[in-house]
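# Notes for the structure review
Listed here are the chains, written in short residue letters.
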Amino acid sequence: MTKLRSMMAKASVFSMAILKTCHGFYVPGVRPYEFEQGEEVPMKVNSLTSIHTQLPKDYYRLPFCRPTGGPKMASENLGEFLTGNKIQNSPYSINMLREVYCQVLCQVTLTKLEAHTLATHIKYGYHNNWIIDNLPGASVGLSGSGQQQTHYAGGFPIGFITKDTKDVYVYNHVNIMLEYHNPDGKDGHRVVGFAVEPMSIAHEYSGGYEWDGESSEGFTKPLSTCKANEHMNLDSKGTYYSFQKVEPEQSIIYTYDVTWKYSETAWASRWDVYLSEDHMVPAQVHWYSITNSILVVLFLSLLVVSILVRSLRRDIAGYNAMEALTDEEKEEELDESGWKLVHADVFRPPSNYPMAFCIMVGSGAQIGLCAFFTICCAAVGFLSPARRGSLMTATLIFYMLCGCLAGYVSSRLYKSFRGRQWQMCTLATATAFPGLCFMIFIFFNTILAFFRSTASVPFLDLIILAAMWGCISTPLVFMGSYRGYKRESISFPTVTSMIAREVPEPTPVMKPMVAISMAGMVPFAAAYVELFFIMTSLWMDQFYYVFGFTLIVYLILIVTCAEVTVLLCYYQLCAENHRWWWFSFFASGSTAMYMFLYSFFWFGSLEASKMLITYMLYFGYMFLICTAMFLVTGSVGALTSLWFIRKIFGTIKVD
């Protein structure tokens, strides 16, 4: 006991020594930072984005003002690189509670190439994405009716095009509007609001002064288009200045205002207006989605209970009563019919590609559990949009860790099929779906590199992804497979005959392809409303935060797939079709087919550019997402059907 206490004391001293050498650090958005009056408030710029091209671009690729010493990258995590973020410092000088009036930032004289590049990006609808204290800049502008409106997601446009003359203009002046809050018991000030009001102004110096863009005199000379000690206002547009046109050899003077306003919004709730888009989408819409999904599940559950359970009770009672009769009495009874006739074939391994079946079910189980853990973490707030890239990073981590489940499920199924190439099955489970994703990702990454898009992941991060796949995920799959092969084989309640029973010709309604094509409609109907918001967030640079609703819809989707597949498998067995393995997988997986068809319909909302790469990116990544959904829903249907068929055949007596 004395020795144990001595060891614990030494460990405590050692731990304190380590902690003594550690230094704390501040991650923006994780804990509040109090700025002193006059302290610099750094503003950063992120990649330029456009929903019409889906190609994020480097901010400093366009002829904008550059910081002294050149742009410097901010530290980013793997998830930020994968999602196309490229955060850099900016030349804007902002200090806490210091008002700025029409401050000259720089002057840029456009070359022919720069004018063409800038005009092209404006035509494609590119937006600036600025960040202050981890808050993205909201966009302030005038609606068609002349009323001021604010959008909190997607940044603000870099320019505009007139509808009549098709002339291109750039927003070269911004009103940076900041809100601060003084917390109780603290001396400093916290930033709780950030919005940008862009304006296009053809600036001119008073007295006909012409600036070369380099001398310090140009930063202090008054502009005839600005009023002294007065902030620029959109309401005064067109009264005493014209718009800044984008043309070759045109000199553009960039200016900015900074305004500070006190707000009662606490630092902890400053993201609320971003996530709710100022209540643009009422919560009732999501509740409608949940209610719709729950009603679908309730209706389907009642259908399963009323048809399936009642029919099964009658069938099981009749089959067991038949077994109690003597041979003479059995001959007098009618011939057996229904699902009992296939008892000697129902657990026969799939005749076509049994290994592929095991691989797909194992991969689907891995993706499904990964999605569940990710949504749960997001629902409780661990994966907030304030932590950029956290959702992507968490998805990768959970997917790797769930590799052991993929190996376990595929090995258990493959062993029950009496497969002998277990090494090949395990290796394919570890490489099939991740390999498909990695190849498509590398293909798109190469194309994006030619377009000089920030969505192109650096080579080092590709090496990290490959290492995560080869050094963590694959060994975990083999570990789960080892555990699965060490377990006893799945026991079946009936003995499989040597010769397979011939499947009778089904009626047109009972044909497997008809059932498969119709099965996915019900699960898709239960989730399509929430799917619309997820697609909007994914492709339109909108914030998505209602992961609690997503978790409910996800569980409803799984339950619906399971119920539909069990019901259809029962009818297939009643039609004496014992080939249910692939049928159960495709019937439930057909939900992904409807999801992919819906993506074609939803694509019109993007108003996509005519660039081929935009179509390739959208439909390529939607194909990957729908493939993952196909594996998840298919594995749910297959595993649920296996459980159901083992149960019903375990309740009857057979010879």
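Residues numbered from 1 in each chain as written. Predicted model: local features only at pLDDT ≥ 70, side-chain atom pairs only at ≥ 80, totals over all residues. Heavy atoms only, no water.

## Remarks on helix α7 (residues 354–379)
The terminal C-alpha atoms of α7 lie 37 Å apart, and with 26 residues this matches the ideal 38 Å at 1.5 Å per residue to within 8%. Taken from the residues just after α7, Gly381 is the one with a positive phi, measuring 100°. (Helix = DSSP H or I, 4+ residues; strand = E, 2+ residues; numbered from the N terminus. Expected span 1.5 Å × (residues − 1).)

## Quick look at the confidence of the model for the chain
Per-residue pLDDT for the chain has a mean of 84; in total, 87% of the residues score no lower than 70. Counting interchain partners and residues more than four positions distant, the pLDDT-below-50 stretch residues 1–29 has eight contacts. Below pLDDT 50 for its whole length, residues 329–335 participates in six contacts with residues either more than four positions away or in separate chains. (pLDDT = per-residue confidence, 0-100. Contact = heavy atoms within 4.5 Å.)

## Observations concerning the packing of aromatic side chains
Counted according to the given criterion, the structure contains 54 aromatic pairs. Each ring, one from Tyr205 and one from Trp211, has its centre 6.3 Å from the other, and the planes form 80°; the classification is edge-to-face. Geometrically, the ring pair formed by Trp539 and Tyr618 is tilted, given 4.9 Å between the ring centres and 55° between the ring planes. Placement of Trp539 in helix α13 (residues 521–539) and of Tyr618 in helix α16 (residues 612–649) is noted, with a sequence separation of 79 residues between them. Comparing Trp539 with Tyr618, the two get one shared label, buried. (Phe/Tyr/Trp six-rings, centres within 6.5 Å; stacked < 30°, edge-to-face > 60°. Buried < 20%, exposed > 50% of the residue type's maximum accessible area, 1.4 Å probe, protein only.)

## Points about the packing of α13 against α16
One way to put it is that α13 packs onto α16 with a least axis distance of 13 Å and a crossing angle of 130°. With respect to their mutual orientation, α13 and α16 come out oblique. Like other packed secondary-structure pairs, α13 and α16 cross with a definite hand, here right-handed. Listed contacts from α16 to Met535, Leu538 and Trp539 of α13 are Leu617, Tyr618, Tyr621, Met622 and Ile625. The residue inventory of the contact of α13 with α16, partitioned by class, reads eight nonpolar, no polar and no charged. (Axes fitted to C-alpha atoms, helices over the stretch in contact; angles between N-to-C directions. Parallel < 35°, antiparallel > 145°, perpendicular 65-115°, else oblique. Left-handed = near helix turned anticlockwise from the far one by under 90°. Nonpolar A, V, L, I, M, F, W, Y, C, P; charged D, E, K, R; others polar.)

## Some details on empty space enclosed by the protein
Counting across every chain of the model gives two cavities of 30 Å³ or more. Around the second largest cavity sit 16 residues that line it, and Tyr59, Tyr92, Trp130, Tyr171 and Tyr254 are the ones nearest its centre. Contributing elements (two or more residues each) for the lining of the second largest cavity: β12 (173–181) and β14 (251–262). Split into classes, the residues belonging to the lining of the second largest cavity amount to twelve nonpolar, four polar and no charged. (1 Å grid on protein atoms, 1.4 Å probe; cavity = no way out; pocket = protein on both sides within 12 Å on 5 of 7 lines; lining within 4 Å. Points joined across faces, edges and corners; volume = space filled by probe spheres on them.)

## A closer look at the state of the cysteines
For the coordinates displayed, the defined rule picks out two disulfides. Through a disulfide, Cys65 is tied to Cys106; the S-S separation comes to 1.8 Å. Between Cys65 and Cys106 the sulfur-sulfur dihedral comes to about -85°; the bridge is accordingly left-handed. Of the two residues, Cys65 is situated in the loop between β1 (43–45) and α2 (78–82) and Cys106 in strand β3 (residues 100–109); the sequence distance between them amounts to 41 residues. Here Cys65 and Cys106 have matching classes, each one buried. Each sulfur of the disulfide joining Cys102 and Cys226 lies 1.9 Å from the other. On the criterion of sequence distance, the pair formed by Cys102 in strand β3 and Cys226 in the loop between β13 (190–199) and β14 is long-range, its members being 124 residues apart. Assigned by exposure class, Cys102 and Cys226 land together as buried. The connectivity of the disulfide bonds within the chain can be written as 1-3, 2-4, using the sequence rank of each bonded cysteine. (Disulfide = S-S within 2.5 Å.)

## Some remarks on the side chain of Ser473
As for its position among the elements, Ser473 is in helix α11 (residues 459–486). Its relative accessible area of 3% is what places Ser473 among the buried residues. Aside from chain neighbours lying at most four places away, what touches Ser473 is Gln366, Met400 and Met468.

## Here we look at the packing of α7 against helix α8 (residues 390–401)
At a minimum axis distance of 9 Å, the contact between α7 and α8 shows a crossing angle of 140°. Between α7 and α8, the angle is such that the two are oblique. As for the relative orientation of α7 and α8, their crossing is right-handed in sense. Seen from α7, the contacting residues are Gln366, Ile367, Cys370, Phe373, Thr374 and Cys377; seen from α8, they are Leu391, Ala394, Thr395, Phe398 and Tyr399. Of the residues belonging to the contact of α7 with α8, the class tally is eight nonpolar, three polar and no charged.

## With respect to the environment of Met177
Its location among the elements puts Met177 in strand β12. Ignoring sequence-local partners within four residues, the contact set of Met177 consists of Val140, Gly193, Phe194, Ala195, Val196, Glu197 and Thr259.

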